[in-house]
Amino acid sequence: AQSVTQLDSQVPVFEEAPVELRCNYSSSVSVYLFWYVQYPNQGLQLLLKYLSGSTLVESINGFEAEFNKSQTSFHLRKPSVHISDTAEYFCAVSGGATNKLIFGTGTLLAVQP
Amino acid sequence: DAGITQSPRYKITETGRQVTLMCHQTWSHSYMFWYRQDLGHGLRLIYYSAAADITDKGEVPDGYVVSRSKTENFPLTLESATRSQTSVYFCASRGGAGANVLTFGAGSRLTVL
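Residues numbered from 1 in each chain as written. Chains lettered and ligands numbered in written order. Predicted model: local features only at pLDDT ≥ 70, side-chain atom pairs only at ≥ 80, totals over all residues. Heavy atoms only, no water.

A.B. asks: It is not clear to me how the state of the cysteines should be interpreted in this structure. Could you clarify?
C.D. replies: Covalently bonding the sulfur atom of one cysteine to the sulfur atom of another cysteine gives a disulfide. Residue and element names in this part refer to chain B. All told, the structure shown has 2 disulfides over all chains when counted by the stated rule. Disulfide pairing places Cys23 opposite Cys91 at an S-S distance of 1.8 Å. Negative torsions about the S-S bond denote left-handed disulfides, and the value of about -75° found for Cys23 with Cys91 makes this one left-handed. Highlighted residues: Cys23 in strand E3 (residues 19-25) and Cys91 in strand E9 (residues 87-94), separated in sequence by 68 residues. (Disulfide = S-S within 2.5 Å. Helix = DSSP H or I, 4+ residues; strand = E, 2+ residues; numbered from the N terminus.)

A.B. asks: Got a minute to help me understand the pairing of strand E8 (residues 64-68) of chain A in this structure?
C.D. replies: In the case of a regular strand, side chains alternate between the two sheet surfaces. Residues and elements named next belong to chain A. Burial of E8 is one-sided: the residues Ala65 and Phe67 facing one way are buried, the residues Glu64, Glu66 and Asn68 facing the other way are not. Where strand E7 (residues 56-58) meets E8, 3 bridges bridge the pair, whose relative direction is antiparallel. Looking at the pairing, Val57 lines up with Ala65 of E8. Where E7 folds back onto E8 in an antiparallel hairpin, the turn is made up of 5 residues, including Gly62, whose phi is positive at roughly 95°. In this sheet, strand E9 (residues 73-78) lies alongside E8 in antiparallel orientation, the contact comprising 5 bridges. Within E9, the residue paired with Glu64 across the bridge is Arg77. The turn joining E8 and E9, which pair antiparallel and follow one another in sequence, is formed by 4 residues; a positive phi near 45° is taken by Thr72. (Buried < 20%, exposed > 50% of the residue type's maximum accessible area, 1.4 Å probe, protein only. Pairing = 2+ DSSP bridges.)

A.B. asks: Quick question: what am I supposed to make of the interface of chain A and chain B here?
C.D. replies: It is common to give the size of an interface as the accessible area lost on bringing the parts into contact. Contacts between the two partners involve 21 residues from chain A, matched on the other side by 21 residues from chain B. Around 1600 Å² of area is buried between chain A and chain B when both sides are counted, 57% of it from carbon and sulfur atoms. Looking at the side of chain A facing chain B, the largest losses of area belong to Leu44, Lys100 and Phe103 of chain A, adding up to 28% of the total buried there. Summed over the shared surface of chain A and chain B, the number is 0 salt bridges. Put simply, chain A and chain B have 3 residue pairs in polar contact (both at pLDDT 80 or more) between them. (Contact = heavy atoms within 4.5 Å. Buried area = accessible area lost by both parts, 1.4 Å probe. Salt bridge = Lys/Arg side-chain N within 4 Å of Asp/Glu carboxyl O. Polar contact = N/O pair within 3.5 Å; in protein donor to acceptor, adjacent residues only side chain to side chain.)

A.B. asks: How should the pattern of salt bridges be read in this particular structure?
C.D. replies: If charged atoms from side chains of opposite charge come close, those side chains can pair. All names here are of chain B. Per the counting criterion, the structure on display carries 6 salt bridges over all chains. The partner of Arg17 in a salt bridge is Glu14, with the nearest N and O atoms 3.4 Å apart. Salt bridges sharing partners connect three or more residues here, namely Arg36, Asp38 and Arg44.

A.B. asks: Can you help me understand the packing of aromatic side chains in this one?
C.D. replies: Under the counting rule described, the total for this entry stands at 15 aromatic pairs over all chains. When the ring of Phe63 of chain A is compared with that of Tyr89 of chain A, the centres are 5.4 Å apart and the planes differ by 45°; the resulting orientation is tilted. Here the residue Phe63 of chain A occupies a position in the loop between E7 and E8, and Tyr89 of chain A occupies one in strand E10 (residues 87-95), the gap between them amounting to 26 residues. Looking at Tyr89 of chain A, the relative accessible area reads 0%, which means it is buried. On the basis of an interplanar angle of 20° and a centroid distance of 6.1 Å, the ring pair of Phe33 of chain B and Tyr48 of chain B is categorised as stacked. Within this pair, whereas Phe33 of chain B is found in strand E4 (residues 31-38), its partner Tyr48 of chain B is found in strand E5 (residues 42-51), the two being separated by 15 residues in sequence. Here Phe33 of chain B matches Tyr48 of chain B in class, with each residue buried. Of the aromatic side chains, those joined through ring pairs into one cluster are Phe34, Tyr36, Phe90 and Phe103 of chain A together with Tyr31, Phe33, Tyr35, Tyr48, Phe90 and Phe104 of chain B. Across from the ring centre of Phe74 of chain B, 6.0 Å away, lies the NZ or CZ of Arg68 of chain B, which sits over that ring. Seen from the ring of Tyr31 of chain B, Arg94 of chain B lies directly overhead, with NZ or CZ sitting 4.0 Å from the centre. (Phe/Tyr/Trp six-rings, centres within 6.5 Å; stacked < 30°, edge-to-face > 60°. Lys NZ or Arg CZ within 6 Å of the ring centre and 35° of its normal.)

Next comes the structure, spelled out in structure tokens:
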């Protein structure tokens, strides 16, 4: 069975500062990894994904995440955050025969001016 | 409208009543999912369906019933609502086994008094 751990429930950060949201996973099979973002009162949107190939994946709005198999991690980073990045971020893993998507508990990124 | 739609968006009901949350997608995606979102728990999978007439339990299925008579619809029924089922419910869909990205509906906020 797969599981995802997001240790930080909240990450406060000042605008234009760098940020890292941590994600660790557990799985006995090869996995696909995802980051989803949820803006206030909205559904979840895919931010980026790792399926195979290059271990560094990027989103269109400046986020990136690196798949590290030895550390079973998929941390999300952005070198300079904006107020508009304030949202809840969910790491998720899928794999195995059913490919069910299992989510972490989420990290609230609170960007302050 | 194209996409995945959930109804109702907001529902208040009383303990013991039956409630059905509707989910409709226009892509003919094979897989559909129901998640509930609760503070401190992230998103937890309730039920999923790989195709019409095929459903299976997720992490937290107790107290819920699903059906999938048509590919495009995946209703979730709470046969006798309890206060612990107060939550935000998200429906999601994706294509065949090789497709890994879930697309989510906007959510249904259910309050059980």
